[in-house]
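Now for the letters of each chain:
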Amino acid sequence: MALPACAAGALGPPLQPERGAPARTTCPRRHSRVEAELAASRPGSVAASVRAGPPRGVSRGFNSQPLLDEPLKAAASLAGAARAPLFALLLRGRRRRMHDLRRRWDLGSLCRALLTRGLAALGHFLKHVLGAIFSKIFGPLGSVGNMDEKSNKLLLALVMLFLFAVIVLQYVCPGTECQLLRLQAFSSPLPDPYRSEDESSARFVPRYNFSRSDLLRKVDFDIKGDDLIVFLHIQKTGGTTFGRHLVRNIQLEQPCECRVGQKKCTCHRPGKRETWLFSRFSTGWSCGLHADWTELTSCVPAVVDGKRDARLRPSRNFHYITILRDPVSRYLSEWRHVQRGATWKASLHVCDGRPPTSEELPSCYTGDDWSGCPLKEFMDCPYNLANNRQVRMLSDLTLVGCYNLSVMPEKQRNKVLLESAKSNLKHMAFFGLTEFQRKTQYLFEKTFNMNFISPFTQYNTTRASSVEINEELQKRIEGLNFLDMELYSYAKDLFLQRYQFMRQKEHQEARRKRQEQRKFLKGRFLQTHYQTQSQGQNPNPSQNPSQNPNLNASQSGTQNLFQSLIQNLTQSSGQNPNPKENQESQKQNPGQEQSDGNTSNGTHDYIGSVEKWR
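Residues numbered from 1 in each chain as written. Predicted model: local features only at pLDDT ≥ 70, side-chain atom pairs only at ≥ 80, totals over all residues. Heavy atoms only, no water.

Engineer: I'd like to hear about the side chain of E435, residue by residue, with values.
Structural biologist: Structurally, E435 is set in the loop between β4 (430-433) and α16 (437-448). Although E435 is buried, it forms no salt bridge, and the closest oppositely charged side chain is R325 at an N-O distance of 4.5 Å. Separated by 2.7 Å, the side chains of E435 and Y488 make a polar contact. (Helix = DSSP H or I, 4+ residues; strand = E, 2+ residues; numbered from the N terminus. Buried < 20%, exposed > 50% of the residue type's maximum accessible area, 1.4 Å probe, protein only. Lys, Arg positive; Asp, Glu negative; His and termini not counted. Salt bridge = Lys/Arg side-chain N within 4 Å of Asp/Glu carboxyl O. Polar contact = N/O pair within 3.5 Å; in protein donor to acceptor, adjacent residues only side chain to side chain.)

Engineer: An account of a nonpolar patch on the surface is needed here, citing residue identities and associated values.
Structural biologist: Nonpolar side chains collect at one region of the surface, where L115, L119, L122, F125, L126, V129, L130 and I133 lie side by side and expose about 750 Å² of accessible area between them. One can find V129 in helix α6 (residues 107-137). Using a relative accessible area of 31% as the deciding quantity, one classes V129 as partly exposed. (Patch = residues over 30% accessible without salt bridge, like charges linked within 9 Å, V, L, I, M, F, W, Y side chains within 5 Å. Areas by Shrake-Rupley, 256 points an atom, 1.4 Å probe, with all protein chains shown as cover.)

Engineer: Tell me what's going on with the pairing of strand β1 (residues 228-232), and back it up with residues and numbers.
Structural biologist: Burial runs high along β1: five of the five residues are buried. What you see with β1 is no split at all: L228, V230 and L232 on one side and I229 and F231 on the other are buried throughout. As defined by bridge partners, β1 adjoins strand β3 (residues 318-324) across five bridges and the pair is classed as parallel. Counted as the bridge partner of L228 is F318 from β3. Here β1 runs beside strand β2 (residues 277-278); their pairing, made up of two bridges, is parallel. (Pairing = 2+ DSSP bridges.)

Engineer: Summarise the pattern of salt bridges; cite the residues concerned and give the values.
Structural biologist: Taken as a whole, this structure holds 16 salt bridges when the rule is applied. The residue R476 makes a salt bridge to D380 at a minimum N-O spacing of 2.5 Å. With a gap of 96 residues between them, R476 in helix α17 (residues 471-480) and D380 in helix α13 (residues 375-380) connect regions that are remote in the sequence. R476 gets classed as partly exposed once you look at its relative accessible area, which sits at 34%. Taking the shortest distance from any N to any O, the salt bridge between E471 and K475 comes out at 3.6 Å. Within this pair, E471 and its partner K475 are both found in helix α17, separated by four residues, close to a single helical turn.

Engineer: Any chance you could break down the state of the cysteines for me, citing the residues and the numbers?
Structural biologist: A complete count under the given rule lists five disulfides for this structure. In this model, C258 is linked to C265 through a disulfide, with the two sulfur atoms separated by 2.1 Å. Between C258 and C265, the S-S dihedral sits near 115°, and the bridge is therefore right-handed. Among the residues examined, C258 registers a relative accessible area of 27% and is labelled partly exposed. With no disulfide of its own, C373 lies 8.8 Å from the sulfur of C364, the closest cysteine sulfur. By relative accessible area, C373 is classed as buried at 2%. (Disulfide = S-S within 2.5 Å.)

Engineer: Can you explain the pairing of β4? Please cite residues and give values.
Structural biologist: The two faces of β4 match: F430 and G432 on one face and F431 and L433 on the other face are all buried. The sheet contact formed by β3 and β4 spans four bridges and is parallel. Residue pairing across strands places I323 opposite G432, the latter belonging to β4.

Below you can see the structure in the form of structure tokens.
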């Protein structure tokens, strides 16, 4: 078929054989192949340069730009479209060469190939090792059938059996019901929420010797009766946060009513229009702003029962509580608070029925407040109440003549104040430490048998922690608060000893409950065994019991013995776990001891027979 004139003009003149080339054959496909081979073998041609590939020692990737540009240059150098079949052959050859270069020079494919072969070899090795292990353990099974198939099925069966056992164990023994069946090896121990709040070890070396009555703080607080909790709020000890916990975060039958926009909440007893809490957020500053121990002990009874006759006043129990803080941090926090404009001018400082005079308690500043005061000026004032504030607010100031410094020497005054503060702190119903928020929550809950809704949060970053002081200022602040330093050391030791004592007592109670559960299960087992024996000895219920008097006697004796066993188990569950108290009770009742001993001997004999039967 003839081509149009435009197509013939575009193709140009026909292709002429080169000099020395063989004559044109009749097969165009074979002729094109021969021309391609001649062009590739001729040095200096484009096809030869393409076949040569990269020089020795030079690596070109698959996406290398010079290699992609060479076919375009070769196409531009060819004259006319008549050589298009040879150019197409060169492109296909170039693609094959580039594929070879990718396999030869691509580092990524080489790494992937090495990784694939390595993993395959490792899997093959593990397969042989597992096969050898299963063949040693399960030799009889491995000799029948295919070993690989048998081992895979057996391994799958073991895994399924283990998962089923774990599910059954969690269903039968939830929580801490089964201590002996707990998988401790496969589970990491839960962190103690009360441990290392101050980045120190939970166990410490006690410095003071306290009695059991000092460590055991268990208050029988009757919220429905007349008891009252009094919160002594010391400045900058975290008392505001703790006070909010008391009115907003305690689980109560009748919670406190806190309205939006009001600082005080209504905390009434269940069924009464009377408060059970005396604090800033329940009754306000009824005895003055940040009233101390001396003010509260003389003011609270009068405020609560002021309208009643003295003979009609109920016999209340006033449970005082407070929060302490590290003296240096508390001092710096108070300085920053005063620097922002706080003065506490509304504090009454009433002692022995009157407030102090201006000569007894001079002021450290002349203006309306002490805002912008530098730390050096704050420390230089000799009348600054921030010095040893915690000792002053916890001690009985009437013992030293209130604020009159001329009653006794300064050394004796400091000693009396410190001893009074320690005594009042030790006999308080509860006190906490700002540096141990979770332990404070735990001790309060155990002391008053009242639980908080949400846990306390430990804030290690405060305004005081942002103040950078050198070692010299640190020592000077400690010197200005030497009484507070001694009191805080005493309070921290007592606080941690109380915490450890309460935790040990809690563990002992849990151990005693587990022992009672074991005794109860043992009694049920004996009961089941007795019923089984009675049914086995009397297979014919229609038989007259009077016909076999020996059987009746044995059944009645066994029944009496079983009843005495159940009675002993019940008595032992309610006994005091302290062996000394048991010995004292046995000394007081020797006759009862003998009768109980006989019964216990019969019980032990019966239990021994049951164990022998098992």
